[in-house]
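# Architecture at a glance
These are the residues of each chain, in order.
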Amino acid sequence: MASPRSSGQPGPPPPPPPPPARLLLLLLLPLLLLLAPGAWGWARGAPRPPPSSPPLSIMGLMPLTKEVAKGSIGRGVLPAVELAIEQIRNESLLRPYFLDLRLYDTECDNAKGLKAFYDAIKYGPNHLMVFGGVCPSVTSIIAESLQGWNLVQLSFAATTPVLADKKKYPYFFRTVPSDNAVNPAILKLLKHYQWKRVGTLTQDVQRFSEVRNDLTGVLYGEDIEISDTESFSNDPCTSVKKLKGNDVRIILGQFDQNMAAKVFCCAYEENMYGSKYQWIIPGWYDPSWWEQVHVEANSSRCLRKNLLAAMEGYIGVDFEPLSSKQIKTISGKTPQQYEREYNNKRSGVGPSKFHGYAYDGIWVIAKTLQRAMETLHASSRHQRIQDFNYTDHTLGRIILNAMNETNFFGVTGQVVFRNGERMGTIKFTQFQDSREVKVGEYNAVADTLEIINDTIRFQGSEPPKDKTIILEQLRKISLPLYSILSALTILGMIMASAFLFFNIKNRNQKLIKMSSPYMNNLIILGGMLSYASIFLFGLDGSFVSEKTFETLCTVRTWILTVGYTTAFGAMFAKTWRVHAIFKNVKMKKKIIKDQKLLVIVGGMLLIDLCILICWQAVDPLRRTVEKYSMEPDPAGRDISIRPLLEHCENTHMTIWLGIVYAYKGLLMLFGCFLAWETRNVSIPALNDSKYIGMSVYNVGIMCIIGAAVSFLTRDQPNVQFCIVALVIIFCSTITLCLVFVPKLITLRTNPDAATQNRRFQFTQNQKKEDSKTSTSVTSVNQASTSRLEGLQSENHRLRMKITELDKDLEEVTMQLQDTPEKTTYIKQNHYQELNDILNLGNYTESTDGGKAILKNHLDQNPQLQWNTTEPSRTCKDPIEDINSPEHIQRRLSLQLPILHHAYLPSIGGVDASCVSPCVSPTASPRHRHVPPSFRVMVSGL
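The rules behind the values
- Residues numbered from 1 in each chain as written.
- Predicted model: local features only at pLDDT ≥ 70, side-chain atom pairs only at ≥ 80, totals over all residues.
- Heavy atoms only, no water.
- 1 Å grid on protein atoms, 1.4 Å probe; cavity = no way out; pocket = protein on both sides within 12 Å on 5 of 7 lines; lining within 4 Å.
- Points joined across faces, edges and corners; volume = space filled by probe spheres on them.
- Helix = DSSP H or I, 4+ residues; strand = E, 2+ residues; numbered from the N terminus.
- Nonpolar A, V, L, I, M, F, W, Y, C, P; charged D, E, K, R; others polar.
- Contact = heavy atoms within 4.5 Å.
- Disulfide = S-S within 2.5 Å.
- Buried < 20%, exposed > 50% of the residue type's maximum accessible area, 1.4 Å probe, protein only.
- Pairing = 2+ DSSP bridges.
- Axes fitted to C-alpha atoms, helices over the stretch in contact; angles between N-to-C directions.
- Salt bridge = Lys/Arg side-chain N within 4 Å of Asp/Glu carboxyl O.

## Brief notes about empty space enclosed by the protein
Leftover empty space is mapped by rolling, across the atoms, a probe with the size of a water molecule. This model, assessed by the stated rule, comprises 12 cavities of 30 Å³ or more. Empty space within the second largest cavity amounts to approximately 120 Å³. Looking at the lining of the second largest cavity, the elements with two or more residues in it are α7 (182-192), α8 (206-219), β8 (250-254), β9 (278-282) and β10 (315-319). Classifying every residue of the lining of the second largest cavity gives 11 nonpolar, three polar and three charged.

Next comes the structure, spelled out in structure tokens:
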């Protein structure tokens, strides 16, 4: 090894010895050469050059002492250097010269390293080149001053990216790839697995920051996004948490092995490991580094098993110490043969991963000097290479150019420089089962990536995704659910069609005719429109296009709105007619035909149309897509599902819905009011107030519940559609059934009872009933209480008068039994008046019910039809018993028309305010004068 003189501070040469000592010096010279071979540049074990061979001095700068941590690097590469020098001398590559490597210990100290460099310049021979440079700080200081000394430096271990600046370090080369050399390899790996989104986690150290900055430049323009860049000083947990929050799956780390343990502990706490994540970190850590640093990083939160679990599968990136190819190198040996020789030669010295680069470095220097010698030999200057001095700029440039032309295959792969940087081989290792396994390598010269088959293992079935794969999935209405509800809707429409058929077929029946069949048809039409809207509500993006869906938004709103108004508008219009007739305080005749009711329904629909047209013109409904929070894949794949849901919305949706709801609410309240007011009308064919109240109650409750639940489940289209459809089906069905089922049952059982009012029975509790009627009327209009009471008293008086007339009729009937002579007299004097009473039915042509009843009665009893044109029939009647069936039928034929006539005003017949049923005694032959005793008209309850 180098002598203390060469590795320490070489002093000035001693003065010439006296003549007697000169002979002694010659005798001791061989012994001195054996004791201090390094002083002359010899390596251990190398054969001595012939005495006539001039040396080519090379300055070796590296840490060698054991007190320095990186001193092991210098000591570990010396066996490789000795092997290279020995082989070069054996091949006589530099004949007639030999390499003379003089070693100087820099101790990784800037001051000591700089002093060693200047001492070598001042006291040593003229060094042609500088070999070494391990510590970045010492190397950068010396490399910056090389241009002034025309010296070219070749480093085998300085990987700091700072030295890649050729403007600042033009004479610096290195056989080891820099830390930045891994970035093209990382780029190739990212492209291989199609990772286009990454994040970086960097320790706040210049070395790592420079690598990250260079990586940013490499990835720029390669269609790879750096979604997040985090850095830390001591605690990486905050940065790791931010990376997770930004959904970073591929993490490119730059930190030392001490911080690596902390990083993976934080990754374990944040669950950033496993099949969904891939960590790519430096691969130059010490073997089993996690065992060394775990004691420092260990805590109750991060046990060893937790650390290993988080580390599992990480990929390390570092330069390849030796080529894996079975190819002979420039020395004639394969990398594997060289490695065996190196291990044999180093004996008890610890290995260094830079030994291959030091070995190739000696060969680079030899080949450079060989080319420089050839260049000098080819020139006309006749300059020798040993004539180099530190001021010889020309020879310095020749050596620099020769260095740039280096290209051979060494034990570390193809040795080529590009701007002073080694284009080497980068290896990829993966942490598998608590050990690092080589899984691939990248050749920077050929720019190729080779993944070793079946070596790289991912914890999932496939490589991790570079981000959470968001599968936007449109939430659709289930086809089976749509089919079931459609079937129910079709059944409802069939039921509505059956009601329509029933209504049309029986339109001439008194029961149906008195219940306004045209209005019933409108109710059915409104129900069927409501049913039809269900089909449209179930059509979404899975059935129709976006444009069609936007059209459906408007169509289904119009259909449901119009259907609701048509059904309930017709129902309320019928109730209004009953209310207008039976709550007629002035007791005047009211004839409200169906045409007027149609106008009322049309007015309600016109209001609907105005609202809908304004809505469509000002702020039409549009298709909007609402995005919901991501959900895990039900199949367990490494994807997240972002549900999308289509809505029909506009800018001022709340305002328009408020207007529609307010209008429909007022319509419902109006219907409730009419139903309450007409609750005491006792003609079932006319009065549907009870059923209307039930319909309004059910529809109101269901609409409120349905609207609330539908709003709360707007993110669940199946539930929302099911609720909306069931509400529409229930409301439409219950409304149609309440309107038509009672009519159908009544028509089948007792149709006449539904068309007639209760007969008046004048009993002792009649005043009590009158009091109830008075109370009901009084509640309508309290301002007319006194007038109503007067009318009620008059009505009661007239009823008593009717009772008296009944008694008179009984007396007349009794007289018929007394004498035959009186019979003729009674018939002549009273039959004309009774016939006039019977003819009162002719005045009620507008009321079909009373007229039909009277006609049917006369048709069934032709013997009781007294007519002045057939006197012979009356004269031929024998004297009969008063209790005989003929006399009983005769009495009923006189009483029933009178009592029935009392109902006519309630259904739009003769005006009860008239003292006579005729307008004028001479207006028509049918309008005959009635004696004052029969000028009575009573309104029914």
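## Here we look at the side chain of Thr202
By secondary structure assignment, the location of Thr202 is in strand β6 (residues 197-203). If we skip the residues at most four places from it in the chain, Thr202 touches Phe208, Ser209, Arg212, Glu230, Ser231, Phe232 and Gln254.

## Let's talk about the state of the cysteines
In protein chemistry, a disulfide is the covalent bond that joins the sulfur atoms of two cysteines. In this structure the tally under the stated criterion is four disulfides. At a sulfur-sulfur separation of 1.8 Å, the disulfide partner of Cys553 is Cys648. The chirality of the disulfide connecting Cys553 with Cys648 is left-handed, given an S-S dihedral of about -65°. Of the two residues, Cys553 is situated in helix α19 (residues 546-582) and Cys648 in strand β20 (residues 639-649); the sequence distance between them amounts to 95 residues. The pair formed by Cys553 and Cys648 is uniform in burial state, with each residue classed as buried. For the protein, numbering the cysteines in disulfides from first to last along the sequence yields the connectivity 1-2, 3-5, 4-6, 7-8.

## A short note on the sheet that holds strand β13 (residues 421-422)
Reading across the sheet, the three strands line up as β11-β12-β13 and stay open at both edges, with antiparallel pairing between neighbours. Both edges of this open sheet fall to β11 (407-410) and β13, since each of them pairs with a single strand only. The pairing of strand β12 (residues 413-418) with β13 spans two bridges and is classified as antiparallel. Its bridge partner lying in β13, Phe417 is registered against Arg422. Across the sheet, helix α14 (residues 355-378) lies against β11, β12 and β13, angled at about 150° from β11, the strand it touches most.

## Observations regarding the sheet that holds strand β5 (residues 172-174)
Taking strand neighbours across the sheet as the criterion, the five strands line up as β2-β1-β3-β4-β5 in an open arrangement whose pairing is parallel. The open sheet is flanked by β2 (98-105) and β5, the only strands paired with a single partner. On average, each strand axis in the sheet is inclined to that of its neighbour by 25°, with strand direction left out of account. As paired strands, strand β4 (residues 152-155) and β5 are joined by three bridges and run parallel to one another. Directly across from Leu154, in β5, lies its bridge partner Phe173. Of the strands in this sheet, β1 (55-62), β2, β3 (129-132) and β4 are in contact with α14, which crosses β3 at around 170°.

## A few points about the pattern of salt bridges
What the rule picks out here adds up to 26 salt bridges. As a salt-bridge pair, Arg304 and Glu291 come within 2.3 Å of each other at their nearest N and O atoms. Placement of Arg304 in helix α12 (residues 304-311) and of Glu291 in helix α11 (residues 289-297) is noted, with a sequence separation of 13 residues between them. Residue classification places Arg304 among the partly exposed positions, given a relative accessible area of 40%. Owing to a relative accessible area of 37%, Glu291 belongs among the partly exposed residues under this scheme. Connected via shared salt-bridge partners are Glu320, Lys438 and Glu441.

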